[in-house]
Amino acid sequence: MDTRFSSKQALWFTLINYIGVLIGTVSTLFIYPQDTELLGVFRFVDGFAQVLYPVLVLGASTALLNFQPKLNTYLQRKLFTYSLFSVFAMILFCCVGIYAIYQIDVLKNKEYFSYGFVIAVCLAYVDVFKRQATNLQKLAVPTFYEKVMPKLALPFVFLLILKTGLDTKQGLTLYAVAFVLVLLGIVMYLFRYFKPVLSTNFTDLFQEIPRKAYYQYSLYAFCASLGSFFAFRIDSLMIPQFISNQANGDFSIGVNLANALMIPATGVFALYSPLISKSLKNDDLSLLQIKYIEVAKNLFFIGIILYGCVLLGMHDLFELLPTANKLIPILPVLYILGGNVVLNMAMGFNTEIIAYSKHYRFNLTAIILLAVLNIGLNYYILKQTNYGIIGVAWASLFAMSIFNMAKLWFIYKQFNILPFNRSYLKTVVVSLALLLFFYWLPVRMVEGFDFVIRCGLYVLVLSSLLYRLGWVPEWNKSVDKFRNRFIG
């Protein structure tokens, strides 16, 4: 593999993801709050597509990535063709299942199933083509299509509905067409570098790959991906069923803004994945322990800085926006889900440690645990209480806490390592103490912009104090590097 080329692809991959998140954040602040009921409909369609497309793929894309490097060029192309056929077979099978579900009278929003189905089909094939692009180290362009184009399409369609009189179903049709265009773009790009074998005879392929091993691996991958949806996205289907599409839209805004806090962690986990894998294969647990603590501490520091700014300044910032009346009531959801994101960052790369070890199956067990907790708690809160979407947010925080505790316990049991040391715990205590202090600190200097001063003081004091105490070495290295380069 060309290392320079791979680094370039990784850089573009990260940049494209940031662009997608930026577009989503701007849309969430200025466009979507104009009609949260409409946003709830789109979020339901997305959620329906997200739960369906892993069923359509049935682990074929992950199996493609796992088995293809073991094959010669001809059989690699044939395995890709087999993946396409298997998705098509599942599409036919799911048509029957969706028709049966459609007959259930108590289901709300079932008139939108068809749009979600089209998007799910596109996502399924996009997943297969992206995995092939990963094998070819041609990931940047497909990632642009997948991550940026839908983020542009949704606000565009949203504005068309709001400003031109386009009805909801026409808008959903355009939104589904956008995914068809994304798929076509990826297909045309990939076929410039890779051509599948046009054949329906796969005997030679399964002589090289044991059919049983292929299906076992595919089934595990399917369970993991489907479990992830039930763990992290099930609320998008349950909220409209038990409350309303408007509540679903409100919750979606909180989710989108809270997830923006997670951006730094995505790149860090990808960067450290090779080191984690190598340390586990070499049984170098001392190095793994050091990096485990280092990354968890760094991510907590970044997360608590960002979350502190949200907690200290988001209310006043929202009041300055034209969509303030729709955004301010969602703040409790944002605060709870934002804390959830910081908690997840503070645990470091515990998922990756398990995934790259011989105990990788435990991740599936943990995801199933999270899914059961999420579904059970959401059902109880939505059916038996009046807590609404704030209750759903608390349920998510509780379930994620149990999820992370389970993984920490398992890693400690198997490897005798934890992502904490004394300096980390001191960092947590000091950060939270300063956050509480500045939250209650009365600041009355610039009317309407006091939050800028409050957030600025919090960031300055916390970062300066931790630099002086030296509890976050990576922060000290970054500051020293900046001073040596620009100050001298």
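Rules used throughout
- Residues numbered from 1 in each chain as written.
- Predicted model: local features only at pLDDT ≥ 70, side-chain atom pairs only at ≥ 80, totals over all residues.
- Heavy atoms only, no water.
- Core = buried A, V, L, I, M, F, W, Y, C linked by side-chain atoms within 4.5 Å.
- Buried < 20%, exposed > 50% of the residue type's maximum accessible area, 1.4 Å probe, protein only.
- Helix = DSSP H or I, 4+ residues; strand = E, 2+ residues; numbered from the N terminus.
- Contact = heavy atoms within 4.5 Å.
- Salt bridge = Lys/Arg side-chain N within 4 Å of Asp/Glu carboxyl O.
- Axes fitted to C-alpha atoms, helices over the stretch in contact; angles between N-to-C directions.
- Left-handed = near helix turned anticlockwise from the far one by under 90°.
- Nonpolar A, V, L, I, M, F, W, Y, C, P; charged D, E, K, R; others polar.
- Phe/Tyr/Trp six-rings, centres within 6.5 Å; stacked < 30°, edge-to-face > 60°.
- Polar contact = N/O pair within 3.5 Å; in protein donor to acceptor, adjacent residues only side chain to side chain.

Caption draft 1: The arrangement of the nonpolar core in detail. Within the largest apolar cluster, 145 residues are counted, with the highest numbers of intra-cluster contacts made by F42, F129, L205, Y214, F251, F318 and I353. For this core, the element with the most residues is helix α14 (residues 285–319), which contributes 15 residues. With near-sequence residues (within four places) excluded, F129 lies in contact with F80, L84, L183, I186, V187, L190 and F191.

Caption draft 2: Spotlight on the pattern of salt bridges. Going through the model one piece at a time under the given rule, you end up with six salt bridges. For R43, the salt bridge is made with D235, and the minimal N-O distance between the two is 2.7 Å. Linking R43 in helix α2 (residues 36–57) with D235 in helix α11 (residues 235–242), this pair joins segments that are 192 residues apart in sequence. Note on accessibility: R43 and D235 belong to one class, buried. With its nearest N and O atoms 2.9 Å apart, the salt bridge here joins D204 to K78. In this pair, D204 is assigned in helix α9 (residues 203–208) and K78 in helix α4 (residues 73–102), connecting sequence segments 126 residues apart. Note on K78: relative accessible area 4%, which makes it buried.

Caption draft 3: Structural view of the packing of helix α12 (residues 245–259) against helix α16 (residues 331–346). Across the interface, α12 lies against α16 with an axial gap of 9 Å and an inter-helix angle of 35°. Note on packing geometry: the crossing formed by α12 with α16 is right-handed. Taken together, the residues of α16 that come into contact with α12 (itself represented by F251, G254, V255, L257, A258 and N259) are V333, L334, L337, G338 and V341. In terms of residue class, the contact of α12 with α16 is made up of eight nonpolar, three polar and no charged.

Caption draft 4: The packing of aromatic side chains, seen in detail. Applying the stated criterion across every chain, the model contains 30 aromatic pairs. Look at Y175 and F179: their rings are 5.1 Å apart centre to centre, the planes differ by 90°, and that puts the pair in the edge-to-face class. Here Y175 and its partner F179 are both found in helix α8 (residues 168–190), four residues apart, which amounts to about one turn of the helix. For the pair Y175 and F179, a shared accessibility class is recorded, and that class is buried. Here Y439 and W440 contribute two aromatic rings whose centre-to-centre distance is 5.1 Å and whose plane-to-plane angle is 90°, an arrangement assigned as edge-to-face.

Caption draft 5: The side chain of D127, seen in detail. Tracing the sequence through the fold places D127 in helix α5 (residues 113–135). Setting aside residues up to four positions removed in sequence, D127 forms contacts with Y53, V57 and S61.

Caption draft 6: Up close: the side chain of S199. Take S199: it is sitting in the loop between α8 and α9. The exposure class of S199 is buried, given its relative accessible area of 19%. One polar contact links the side chain of S199 to the main-chain amide nitrogen of N201, over a distance of 3.1 Å. Apart from the residues lying within four places of it in its own chain, the contact partners of S199 are K78, T81 and F85.

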